[in-house]
Amino acid sequence: WTFFGVIEDVVTGDPLVLVDKTLYHLLQGLRTPLGDSVMIALTQLGDAAVMLPVITAVLLWLLWKRAWRPAAYWLAAASFGAVLTVILKAGFGLPRPLPFYNGASAFGFPSGHAAMSMVIFGFLAVLTAREFSLRGQLAIFSVMALLASLIAFSRIYLGAHWLSDVLGGLSFGVAWVALLGIAYLRRPAPSVSARGLLAVAATALIA
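So, a few notes on the structure that sits alongside this text. In this text the structure is predicted, and so the values were computed from the model without any measurement.

**Comments concerning the environment of arginine 69**
Now for step 1: Tracing the backbone through its elements, the reader meets arginine 69 in helix H5 (residues 68–92).
Now for step 2: Considered as a pair, arginine 69 and leucine 84 are 15 residues apart in the sequence and their alpha carbons are 22 Å apart.
Now for step 3: Not counting residues up to four positions away in its chain, the partners in contact with arginine 69 are Ala183, Tyr184, Arg187, Pro188, Ala189 and Pro190.

As structure tokens, this is what we get:
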């Protein structure tokens, strides 16, 4: 519902669009060289050059563990999430604050970095959290949500996206993870050696 609400505001030019411009100008006035360096590092965590190795490392781990069903859901989360994001971008055709990219990448809504970071980190949490205590589950989901949120904020700070682009991307990512997560957890989820899987994902991310 949040995703559809953001779409309605963007299409009709409701107050969220005014907040977009206000926040954009506020953050551009607060930028510093150090802040730029930190935010560029954060935004690169959501780049394809980082996400693809993480996706591949997790997939290979699941296949090695013969966790066929989790591997299929993981591949569906990543691939369909990316395709749907591109389709939505092209369908809405809304510009970014600054012309960072050309072609289809020139469109801003929804933010691909925000959407895919939420999909990847969110579904990684779905795959692994069940093997931990309630406190561990909360910690895993909190860390994954924080990572996705930091990447999303960096996109606004750097002027690559409006707030509405990022909110649209995050809400789309949450909706996609929730849809797949419900389908995945309706049947008993097999063990995926959660600690090992998280270690593999973290190693790929850091590398």
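**Description of the nonpolar core**
Now for step 1: Judged by nonpolar contacts, the single largest core of 56 residues is most densely connected at Val58, Leu62, Trp74, Ile120, Phe123 and Leu124.
Now for step 2: Put simply, the parts of the chain that give this core at least two residues each are helix H1 (2–12), helix H2 (15–30), helix H4 (48–64), H5, helix H6 (112–129), helix H7 (134–157), helix H8 (163–185) and helix H9 (194–206).
Now for step 3: Sorting elements by how many residues they give to this core places H6 first, with 12 residues.
Now for step 4: With residues up to four places along the chain from it excluded, the contact list for leucine 62 reads Ala67, Pro70, Ala71, Trp74, Leu127, Val192 and Leu197.

**Some remarks on the packing of H5 against H8**
Now for step 1: Packing of H5 against H8 leaves a shortest axis separation of 11 Å and a crossing angle of 150°. In terms of their interaxial angle, H5 and H8 are classed as roughly antiparallel. Here the hand of the crossing between H5 and H8 comes out right-handed. Only Phe172, Trp176, Leu180, Ala183 and Tyr184 of H8 make contact with H5, whose side of the interface consists of Arg69, Pro70, Tyr73, Ala76, Ala77, Phe80, Gly81, Leu84, Thr85 and Leu88.
Now for step 2: Classifying every residue of the contact of H5 with H8 gives 12 nonpolar, two polar and one charged.

**A closer look at H1**
Now for step 1: Buried residues of H1: Phe3, Val6, Ile7, Asp9 and Val10, and no others. Viewed end-on, H1 has its buried residues packed into an arc of 165°, placing them on one side of the element. Exposed side chains of H1 directed beyond 90 degrees from the buried face belong to Phe4 and Val11.
Now for step 2: Looking at the buried positions of H1, the neighbouring elements they touch are H2, H5 and H8.
Now for step 3: Backbone geometry just after H1 places glycine 13 at a positive phi near 70°.

**Describing the side chain of aspartate 165**
Now for step 1: Take aspartate 165: it is sitting in helix H8.
Now for step 2: One buried charged residue, aspartate 165, remains without a salt bridge, the closest side chain of opposite sign being arginine 96 at 6.4 Å.
Now for step 3: Polar side-chain contacts of aspartate 165 include one of 3.0 Å to the backbone nitrogen of tryptophan 162.
Now for step 4: Not counting the four nearest positions on each side in its chain, aspartate 165 is found in contact with Gly108, Phe109, Pro110 and Ser111.

**Quick word on the packing of H4 against H6**
Now for step 1: It is at 11 Å that the axes of H4 and H6 come closest, and there the two elements cross at 20°. Considering their axes alone, H4 and H6 lie roughly parallel with respect to each other. You can see that H4 and H6 cross each other, and the crossing is left-handed. Along the contact surface, H4 presents Met51, Val54, Ile55, Val58 and Leu62, while H6 presents Met116, Ser117, Ile120, Phe121, Leu124 and Leu127.

**Some remarks on the pattern of salt bridges**
Now for step 1: Taken as a whole and assessed by the stated rule, the structure comprises one salt bridge.
Now for step 2: A salt bridge links aspartate 36 to arginine 31, with the shortest nitrogen-to-oxygen separation between them at 3.0 Å.

**A closer look at the packing of aromatic side chains**
Two descriptors summarise a pair of aromatic rings, namely the distance from one centre to the other and the angle between the planes of the rings.
Now for step 1: Evaluated as defined, the whole model comprises nine aromatic pairs.
Now for step 2: Ring geometry for phenylalanine 3 versus phenylalanine 4: centroids 5.8 Å apart, planes at 45°, classification tilted.
Now for step 3: For phenylalanine 4, a relative accessible area of 54% translates into the label exposed.
Now for step 4: Here the aromatic residues Trp1, Phe3, Phe4, Phe92, Phe109 and Phe172 are joined through ring pairs into a cluster of three or more.

Reading the values: the criteria
- Residues numbered from 1 in each chain as written.
- Predicted model: local features only at pLDDT ≥ 70, side-chain atom pairs only at ≥ 80, totals over all residues.
- Heavy atoms only, no water.
- Helix = DSSP H or I, 4+ residues; strand = E, 2+ residues; numbered from the N terminus.
- Contact = heavy atoms within 4.5 Å.
- Core = buried A, V, L, I, M, F, W, Y, C linked by side-chain atoms within 4.5 Å.
- Buried < 20%, exposed > 50% of the residue type's maximum accessible area, 1.4 Å probe, protein only.
- Axes fitted to C-alpha atoms, helices over the stretch in contact; angles between N-to-C directions.
- Parallel < 35°, antiparallel > 145°, perpendicular 65-115°, else oblique.
- Left-handed = near helix turned anticlockwise from the far one by under 90°.
- Nonpolar A, V, L, I, M, F, W, Y, C, P; charged D, E, K, R; others polar.
- Arc of directions from axis to C-beta.
- Lys, Arg positive; Asp, Glu negative; His and termini not counted.
- Salt bridge = Lys/Arg side-chain N within 4 Å of Asp/Glu carboxyl O.
- Polar contact = N/O pair within 3.5 Å; in protein donor to acceptor, adjacent residues only side chain to side chain.
- Phe/Tyr/Trp six-rings, centres within 6.5 Å; stacked < 30°, edge-to-face > 60°.

Fair warning: the whole summary comes from geometry, so function is off the table for now.
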